[in-house]
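Results of the structural survey
Here is how the chains run, residue by residue.
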Amino acid sequence: MTTTRQRPTRGSWWVVEFYRSAVGKKWVMAITGVFLLGFVFAHMLGNLHAFEGPTELNEYGEALRTIGAPIVPHTVLLWLLRIGLIVAFALHIHAAYALTLVNRRARGDGYQDERHYLAANYASRTMRWSGVIVLLFLVWHLADLTWGVPVVNPEFVPGEVYANLTFSLGRWPVALLYIVAQVALALHIYHGAWSMFQSVGVNHPRFNLWRRRFATAMAVIVVGGYLTVPFGVLFGVLG
């Protein structure tokens, strides 16, 4: 009697299967969060060229477009970076949304400590609204200083980074929008940097003080650096 060997069914890639789990989504949140935080930190340092003057800031803007030149064609590496950021943003947002749904389904579990639940829920809600504010501000920021949409920045001139920046932030409503967005970014960075370690399993009372200090330092340094620019424009240091 002969038996027919059954061919194994072809499953999904292990990466996809891992991402489908809550642990996988937390790891994606952490990894993309590190990538995005690195970009935010580097962009903050670049903005500080404004205090060196128009020439230095404009040269910095041009240097971003010519990264890798003459070996790499003009703007190629910049666009690769932009694509990477878009992918990281998309994965970060999708993982956050999916984990929110998971947490909502888990709310009925009666064994959760009430104080722990309230604290976690507050942090989760803060992360959601601060993330939405930062995302909406990013769209505005791109329309203002990258795309030069006339209704957003009617004085936009391609390549004139310093003039575009000082004109835009010289308007009180725009400066206020910028400041509010940085406050939201500070909260998002704080909660993100704090929970990032927990997401990858680094969660022990021995490390909690270090985690809190790290999260606080990152939020203060990054957002403090960003806020120097609008305040510099409003108080006449720049412009």
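In what follows, the structure referred to is the one given above.
Because the structure is predicted, anything quoted here is derived from the model rather than measured.

Attention now goes to the overall build of the protein. Helix and strand content of the protein: 8 helices and 0 strands. Each helix and strand of the protein, placed in order from N terminus to C terminus, yields the pattern α-α-α-α-α-α-α-α. Looking at the 239 residues of the protein, the share that counts as buried comes to 32%. Long-range pairs, those at least 24 residues apart, make up 65% of the contacts in the protein with a sequence separation of at least 6. For the protein, the exposed surface amounts to about 15,500 Å²; the carbon and sulfur share of it is 68%.

Moving on: the packing of aromatic side chains. A complete count under the given rule lists 3 aromatic pairs for this structure. Centre to centre, the rings of Trp210 and Phe214 are 5.8 Å apart; their planes meet at 10°, and the pair counts as stacked. Here Phe214 and Trp210 lie together in helix 8 (residues 205-234), a separation of 4 residues that amounts to about one turn. Measuring from centroid to centroid gives 6.2 Å for Phe231 and Phe235, while their planes differ by 25°, and the two rings are stacked. You can call Phe235 exposed: its relative accessible area is 64%. Geometry around Trp194 places Arg211 over its ring, the cationic atom sitting 4.0 Å from the centre.

Our focus in this paragraph is the pattern of salt bridges. Side-chain pairs of opposite charge can arise whenever the charged atoms involved come near each other. For the structure on display, the rule yields 3 salt bridges. Here Arg65 and Glu62 are joined by a salt bridge, their closest N and O atoms 2.9 Å apart. Here Glu62 and Arg65 lie together in helix 3 (residues 54-65), a separation of 3 residues that amounts to about one turn. Arg65 gets classed as partly exposed once you look at its relative accessible area, which sits at 25%.

So, how was this worked out
Residues numbered from 1 in each chain as written. Predicted model: local features only at pLDDT ≥ 70, side-chain atom pairs only at ≥ 80, totals over all residues. Heavy atoms only, no water. Helix = DSSP H or I, 4+ residues; strand = E, 2+ residues; numbered from the N terminus. Buried < 20%, exposed > 50% of the residue type's maximum accessible area, 1.4 Å probe, protein only. Contact = heavy atoms within 4.5 Å. Areas by Shrake-Rupley, 256 points an atom, 1.4 Å probe, with all protein chains shown as cover. Phe/Tyr/Trp six-rings, centres within 6.5 Å; stacked < 30°, edge-to-face > 60°. Lys NZ or Arg CZ within 6 Å of the ring centre and 35° of its normal. Salt bridge = Lys/Arg side-chain N within 4 Å of Asp/Glu carboxyl O.

All we've got here are geometric facts, nothing functional implied.
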